[in-house]
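# Geometric and topological summary
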Amino acid sequence: MSRTIIMLLIVVCQVFGDLWLSRGMRQIGAVNSVEIGSLITIAIKFLTNPWIWLGIAFLITTLILYLVALSRFDLSYVLPLTAFTYVLSTAMAVLILHEHVSAIRLLGTCIITAGAFVVGWDERKHHS
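Our subject in this report is the structure included herewith. Predicted model, so just to flag it, every value in this text is computed and none were measured.

For the rest of this paragraph, the subject is unusual backbone geometry. Backbone geometry at His 98 places phi at a positive 60°, although glycine is not the residue there. Turning to its location among the elements, His 98 is positioned in the loop between α5 (84-95) and α6 (103-127). In this structure His 98 comes out as exposed when scored by relative accessible area, which is 65%.

Okay, structure coming up:
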């Protein structure tokens, strides 16, 4: 697999893993109690929610791909490019979860995107 495909799959799997976990947690509701009875009830809800399982599957895939990337590329390249998940997560949260994103939060995600592109551009320059 090429570097671009591996990094793209990491980002996409991370974003959708987080997205599905968030969707599942919205169905379960807020965790406000640490009493054993409440925790057992919440654990049962976790284990029976398909969105939670889908999110876990995507995040396990992310971990495997991340390990592959770290075996092939420098951490100083891989880690900053995975920051692009912030931008894509924000976009998906708006589009799929219908979250409101303030202008300042959007600005922050744009700054992260710019940093990720700088890292990718620098790495491409070194391998040309």
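Next up on the list: helix α3 (residues 50-72). Taking 1.5 Å as the rise per residue, α3 with 23 residues should run 33 Å; its terminal C-alpha atoms sit 33 Å apart, in good agreement. Between the side-chain oxygen at the start of α3 and the backbone nitrogen of Trp 51 there is a gap of 2.8 Å, and the oxygen is on Asn 49.

Now for helix α1 (residues 3-28). Taking 1.5 Å per residue as the helical rise, α1 with its 26 residues ought to reach 38 Å, and the 37 Å between its terminal C-alpha atoms agrees with that figure. Within the sequence span of α1, burial applies to Ile 6, Met 7, Ile 10, Val 11, Cys 13, Val 15, Gly 17, Leu 19, Trp 20, Gly 24 and Ile 28. As for α1, its buried residues are in contact with α2 (36-48), α3, α4 (75-82) and α5. Trailing α1 by a residue or two, Gly 29 shows a phi angle of about 105°, which is positive.

Residue placement: Asn 49 occurs in the loop between α2 and α3. Exposure remark for Asn 49: the relative accessible area of 7% places this residue in the buried category. Each C-alpha atom of the pair Asn 49 and Gly 24 lies 6.5 Å from the other, and the pair is 25 residues apart in sequence. When near neighbours in sequence (up to four residues on either side) are disregarded, Asn 49 contacts Gly 24, Gln 27 and Ile 28.

Conventions and cut-offs
- Residues numbered from 1 in each chain as written.
- Predicted model: local features only at pLDDT ≥ 70, side-chain atom pairs only at ≥ 80, totals over all residues.
- Heavy atoms only, no water.
- Helix = DSSP H or I, 4+ residues; strand = E, 2+ residues; numbered from the N terminus.
- Buried < 20%, exposed > 50% of the residue type's maximum accessible area, 1.4 Å probe, protein only.
- Expected span 1.5 Å × (residues − 1).
- Polar contact = N/O pair within 3.5 Å; in protein donor to acceptor, adjacent residues only side chain to side chain.
- Contact = heavy atoms within 4.5 Å.

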